[in-house]
Amino acid sequence: MSAAPVEGTITLNGKPIAAGHVLAKLHDNAEGVVSRPLLIAVADRAIPAGALDGIGETVVSQLALAGKLRGLLFRIDPARPDEASVIVLDKPAEPGRGLSSLVVGSKEQPAVTRLKIGTDSVGVGFVRVPGSGAQAIDLAFALKVAAPLTREPPITADITGPAIKASPQYKASLAYAEAMQGGDSAAQSRLTSKAMNERIASYPDPAALTERLKAVGVTAEAQLAKVHRIVERGNRAALLIDARAWMTMVKENGEWKSGD
């Protein structure tokens, strides 16, 4: 009998989270902005195929925010195999808050062990004992993963030069920035992804959010002027500004929307 793709335990705030399902992906980083290209999600429920795609917020994080699964998302740089960024896949108690995250491991006390990346599989161990580290998240885990390895969808368009401002992605993103500046909630809803609309709807003070988004819209329009490349991968696209800044878009019902 073959071993399970993931074995072990996760404990959050002193209570266990089942670790029965795993999805792993290695990003090719053609965009040049992905610092931790190996993603491994361990959850209590089945994780949909493609739930780790993109360079922005992943579908697996969106599912956690909606309370549809719990677990951990590890982001690893294979060149620095002792440490990992960990996103805690657990719906926040306070509406409007994002998922908690922390960085675990060091050369002296590695949290990632026995990492082996194959052509179509990955093997790795993760460990964090209760009370370790100075970060204020009560989290412990001891996991062993031996799972299939998926890849990022192929690039379907690579847009540079004058074609950027003529692209549907750029035009939709600019329209969204203008809608934010004008406080046009109806246009914002039409121009943002389903997941982003759900996040916006969860904010406890819509009026305050509208005012905040006016400032965000000004910043977004200024950033759009600096976009030097658009990378499209099927129904996802990234508008690249520099090594630390980008905007993400998703195509829904045949139209490009801001968000993930």
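None of these values were measured; they are calculated from a predicted model.

**Student:** Help me understand the overall build of the protein chain in this model?
**Tutor:** Secondary structure assignment for the protein chain yields six helices and 15 strands. Against the 2.2 N^0.38 benchmark of 18 Å for 260 residues, the protein chain shows a C-alpha radius of gyration of 19 Å, consistent with a compact globule. The C-alpha extent of the protein chain, read off along each of the three principal axes, is 55 × 40 × 35 Å. Entry remark: accessible area of the protein chain is about 13000 Å², with carbon and sulfur atoms responsible for 53%.

**Student:** Even after reading the chapter, I still don't get the side chain of Ser-258, so can you show me in this structure?
**Tutor:** Checked against the element boundaries, Ser-258 lands in strand β15 (residues 255-258). The contact partners of Ser-258, leaving out residues within four places of it in the chain, are Ser-173, Tyr-176, Leu-191, Thr-192, Ser-193, Met-196, Thr-248 and Met-249.

**Student:** I would appreciate a short explanation of helix α6 (residues 206-224) in the present structure.
**Tutor:** Given 3.6 residues to a turn, an α-helix orients residues that are three or four positions apart in the same direction. With 19 residues, α6 ought to run about 27 Å at 1.5 Å a step, and its terminal C-alpha atoms sit 26 Å apart, in line with that. The complete set of buried residues in α6 reads Leu-209, Leu-213, Gly-217, Ala-220 and Leu-224. Here the buried face of α6 lies against α3 (168-181), α4 (185-191), α5 (194-201), β13 (236-242) and β14 (245-252).

**Student:** What is the right way to read the side chain of Ser-61 from this model?
**Tutor:** Structurally, Ser-61 can be placed in helix α1 (residues 59-65). Using a relative accessible area of 4% as the deciding quantity, one classes Ser-61 as buried. Not counting residues within four places of it along the chain, the set of residues in contact with Ser-61 comprises Leu-73, Ile-87, Leu-89 and Leu-99.

**Student:** Got a minute to help me understand the pairing of strand β9 (residues 121-128) in this structure?
**Tutor:** The side chains of a regular strand alternate, first on one face of the sheet and then on the other. The buried fraction of β9 amounts to six of the eight residues, a majority that puts the element mostly inside the structure. Sheet analysis places strand β8 (residues 112-117) next to β9, joined by four bridges and oriented antiparallel. What sits directly across from Lys-116, in β9, is Gly-123. Across eight bridges, the pairing between β9 and strand β10 (residues 139-151) is antiparallel. Its bridge partner lying in β10, Gly-125 is registered against Lys-144.

**Student:** In this structure, what is going on with the nonpolar core? I would like to understand it.
**Tutor:** The nonpolar side chains of soluble globular proteins are, as a tendency, buried together. Formed by 31 residues in total, the largest nonpolar core has its most connected members in Ile-40, Val-42, Phe-74, Phe-126 and Leu-139. Elements supplying a minimum of two residues to this core: β1 (6-12), β3 (21-26), β4 (38-43), β5 (71-76), β6 (84-89), β7 (101-104), β9 and β10. When residues of this core are assigned to their parent elements, the largest contribution, six residues, is made by β10. Residues in contact with Phe-126, not counting those within four places in the same chain, are Ile-40, Phe-74, Ile-76, Ala-111, Val-112, Phe-141, Ala-142, Leu-143 and Val-145. Of all hydrophobic cores here, the second largest spans 23 residues; its members include Tyr-176, Ala-187, Ala-220 and Met-247.

**Student:** Please clarify how the environment of Glu-198 should be interpreted in this entry.
**Tutor:** By the secondary structure assignment, Glu-198 is in helix α5. Put simply, Glu-198 and Ala-166 are 32 residues apart on the chain and 29 Å apart in space, counted from C-alpha to C-alpha.

**Student:** So what exactly am I meant to see when it comes to the packing of α3 against α6 here?
**Tutor:** To characterise two packed helices, one gives the angle between the axes of the helices and the distance between these axes. Taken N-terminus to C-terminus, the directions of α3 and α6 make an angle of 150°; their axes are 7 Å apart at the nearest point. Viewed along their axes, α3 and α6 adopt a mutual orientation that is roughly antiparallel. Classified by chirality, the crossing of α6 by α3 is left-handed. For the pair α3 and α6, the contacting residues are Tyr-170, Ser-173, Leu-174, Ala-177, Met-180 and Gln-181 in the first and Leu-213, Lys-214, Val-216, Gly-217, Val-218, Ala-220, Glu-221 and Leu-224 in the second. Along the lines of polarity and charge, the residues of the contact of α3 with α6 split into nine nonpolar, three polar and two charged.

**Student:** Hey, could you run me through the environment of Asn-253 in this one?
**Tutor:** Tracing the sequence through the fold places Asn-253 in the loop between β14 and β15. With relative accessibility at 83%, the residue Asn-253 sits in the exposed group. Once the C-alpha coordinates of Asn-253 and Val-86 are considered, the two residues, 167 residues apart in sequence, prove to be 32 Å apart.

**Student:** Before we go on, may I ask you to explain unusual backbone geometry in this structure?
**Tutor:** Excluding glycine, residues mostly carry a negative phi; peptide bonds, for their part, are mostly trans. Phi at Asn-29 is positive, roughly 55°, even though this residue is not glycine. Within the element layout of this structure, Asn-29 appears in the loop between β3 and β4. Positive phi is not limited to glycine here, since Asn-253 has a value of about 55°.

**Student:** Help me out: how do you make sense of the packing of aromatic side chains in this one?
**Tutor:** Two aromatic rings, taken as a pair, are described by how far apart their centres are and by the angle between their planes. For the coordinates displayed, the defined rule picks out two aromatic pairs. On the numbers, 3.7 Å between centres and 5° between planes, the contact of Phe-74 with Phe-126 is stacked. Of this pair, Phe-74 sits in strand β5 while Phe-126 is found in strand β9, placing the two residues 52 residues apart along the sequence. According to the relative accessible area criterion, Phe-126 is buried, its value standing at 2%. An aromatic cluster is present here, built from Phe-74, Phe-126 and Phe-141 joined pairwise through their rings.

Rules and cut-offs
Residues numbered from 1 in each chain as written. Predicted model: local features only at pLDDT ≥ 70, side-chain atom pairs only at ≥ 80, totals over all residues. Heavy atoms only, no water. Helix = DSSP H or I, 4+ residues; strand = E, 2+ residues; numbered from the N terminus. Rg over C-alpha atoms; globule rule 2.2 N^0.38 Å. Areas by Shrake-Rupley, 256 points an atom, 1.4 Å probe, with all protein chains shown as cover. Contact = heavy atoms within 4.5 Å. Expected span 1.5 Å × (residues − 1). Buried < 20%, exposed > 50% of the residue type's maximum accessible area, 1.4 Å probe, protein only. Pairing = 2+ DSSP bridges. Core = buried A, V, L, I, M, F, W, Y, C linked by side-chain atoms within 4.5 Å. Axes fitted to C-alpha atoms, helices over the stretch in contact; angles between N-to-C directions. Parallel < 35°, antiparallel > 145°, perpendicular 65-115°, else oblique. Left-handed = near helix turned anticlockwise from the far one by under 90°. Nonpolar A, V, L, I, M, F, W, Y, C, P; charged D, E, K, R; others polar. Phe/Tyr/Trp six-rings, centres within 6.5 Å; stacked < 30°, edge-to-face > 60°.

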